[in-house]
Amino acid sequence: MQPSTFLSESQLAEYSKNGFLVLPNFIQPEMVDKLRNEAKAIVANFNPENVSIFSTKSQEKKSDAYFLKSGGNISCFFEEDAFDASGTLRVEKSLAINKIGHALHDLNPQFNKVSYTQKLQQIMHDLGFSSPMIVQSQYIFKQPKIGGLVNPHMDAVFLYTNPISCTGIWIAMEDATIQNGCLHAIPGSHKEYPLTRRFIRNDTISTSFEKLAEKEDAWDLNRLVPLEVKKGDMIILHGKCVHLSYENSSENSRHAYVLHLIDGKYEWDQKNWLQRDTSFPFTTIGNVLANS
Ligand code: FE2
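Residues numbered from 1 in each chain as written. Predicted model: local features only at pLDDT ≥ 70, side-chain atom pairs only at ≥ 80, totals over all residues. Heavy atoms only, no water.

## Some words on the environment of Lys99
In this fold, Lys99 is placed in strand β3 (residues 97-102). The sequence separation of Lys99 and Phe141 amounts to 42 residues, and the corresponding C-alpha distance is 5.8 Å. (Helix = DSSP H or I, 4+ residues; strand = E, 2+ residues; numbered from the N terminus.)

Below, the structure written as C-alpha cells:
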C-alpha cells in the first residue's frame, strides 16, 4: 500500500468504517465566495426557454435529451415546483434553479481551478485510486422554502464502474445545517448493502433503471445521521454510502459544489447516462495538472 500523503490513518479508518468523512476548511472562504458569484452569473445568463420543464410526454422527452447532453456542458435545471400549472415561474429565476451541471469542472475556469488540485489528487490516492478522474460536477442550490427532498440513494447507481469506484466530493458553499437540508448518511451502509440497480441511458432521449439484483433495497433509514458542516468544509462520500437530504423549509439556501470521481483505470461503462463526445474526453487529475 502507498504511504498516506494527505489523510491520516485515523481519517482513513473513519472513512472505511462509515463510508463518509468530513474534512474541515477544504477550501478558503474567499474562494467559496468566488464560486458562489460564478454560479450566480451562470444562472443570470441562462435562458429558461432553452429547457423544457412541462410534464406532457413530448416535453418529458425534450427535458431528458437536455439532461443527457449535460454531461458535456453547463446546463441549469429547475426545482420541480418552480413552475405553476400555466408554466409561469412561481419565484424569480435565481431562486428557482435546483442545480447547474455537469461539466463545470472542465468548462468554467473558476470551477476548474478548485476541482483539479494536487490536494484532491493526494486524497484520492490515499483512498486507493491510481488515476482519479472527475466525471461530473454539480452546483446545487437547495433553495430556501422550495429546495426539495432528495430521496435516499447510492451515487454509484448513477456513475457505474466495475468494480465500483464512484466517490463524491461534497463542498459546502455555505453552512449546511439540519434546518436548511444538510446531507444525512447511514454509517457503514457502503459495506452492508448491495448495489441493486443502475441508471442507464437507453438512447439520446431516454433513461431507465436496470436491475442488478432481485432484492429490493431495504435500508434502515432510522440509522441516518446528519452531516452538518461549515462553509468551505468538504465531505468525502463513498459511492455505495446511502444518503439523502430533506426538504429545505428554512429561509436560508444551502449551496454546495459536488464532484464525482471514478478511478480511470476502470473502463467507463457505455451504458452510463453520462457520456462525453470523443472530442471532449474525461481527463485524470494528474493529466490536467501535468498540462497546466
Ligand atoms: Fe447523491
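## Observations regarding the packing of aromatic side chains
Scanning the model with the defined rule gives 12 aromatic pairs in all. Judged by centre distance (4.7 Å) and plane angle (50°), the ring pair of Phe111 and Tyr257 falls under tilted. Highlighted residues: Phe111 in helix α5 (residues 109-115) and Tyr257 in strand β13 (residues 256-263), separated in sequence by 146 residues. Considered together, Phe111 and Tyr257 belong to a single accessibility category, that of buried residues. Above the face of the Phe77 ring, Lys99 is positioned so that its terminal group lies 5.6 Å from the ring centre. (Phe/Tyr/Trp six-rings, centres within 6.5 Å; stacked < 30°, edge-to-face > 60°. Buried < 20%, exposed > 50% of the residue type's maximum accessible area, 1.4 Å probe, protein only. Lys NZ or Arg CZ within 6 Å of the ring centre and 35° of its normal.)

## A look at the sheet that holds strand β10 (residues 225-227)
In space, the four strands of this open sheet follow the order β5-β12-β7-β10, with antiparallel pairing throughout. At either end of the open sheet lies a strand with only one pairing partner, and these are β5 (150-153) and β10. Averaged over all neighbouring strand pairs, the angle between strand axes comes to 25°, with direction disregarded. One ladder, built from two bridges, connects β5 with strand β12 (residues 243-245); its direction is antiparallel. Note that in β12 the partner of Val150 across the bridge is Ser245. (Pairing = 2+ DSSP bridges. Axes fitted to C-alpha atoms, helices over the stretch in contact; angles between N-to-C directions.)

## Side note on the coordination of the iron ion
Expected angles at a metal are 109.5 degrees for tetrahedral coordination by four donors and either 90 or 180 degrees for octahedral coordination by six donors. At the metal site, the iron ion is ligated by His153 (NE2), Asp155 (OD) and His243 (NE2), and these contacts range over 2.1 to 2.2 Å. Sequence positions of the residues that donate to the iron ion give the spacing H-x1-D-x87-H. With Asp155 in the loop between β5 and β6 (167-172) and His243 in strand β12, this residue pair connects regions lying 88 residues apart in the sequence. As far as burial versus exposure is concerned, Asp155 and His243 are alike and both buried. (Donors = N, O, S within 2.8 Å, 3.2 Å for Na, K, Ca; no water.)

## Some details on the side chain of Arg201
Inspection of the secondary structure assignment puts Arg201 in strand β8 (residues 197-201). With no salt bridge to any partner, buried Arg201 finds its closest opposite charge in Asp203, at an N-O distance of 7.3 Å. Engagement of the side chain of Arg201 in a polar contact is seen with the backbone oxygen of Leu68, the distance being 3.0 Å. Apart from residues lying up to four places away in sequence, Arg201 is in contact with Leu68, Ser206, Thr207, Lys271, Asn272, Trp273 and Gln275. (Lys, Arg positive; Asp, Glu negative; His and termini not counted. Salt bridge = Lys/Arg side-chain N within 4 Å of Asp/Glu carboxyl O. Polar contact = N/O pair within 3.5 Å; in protein donor to acceptor, adjacent residues only side chain to side chain. Contact = heavy atoms within 4.5 Å.)

## Regarding unusual backbone geometry
At the junction of Gly101 and His102, the peptide bond is cis and its omega measures out at 0° in the coordinates. On the secondary structure map, His102 appears in strand β3. With an omega dihedral of 0°, the bond running from Asn162 to Pro163 counts as a cis peptide bond. Structurally, the position occupied by Pro163 is in the loop between β5 and β6. One non-glycine residue, Asn25, adopts positive backbone phi at about 50°.

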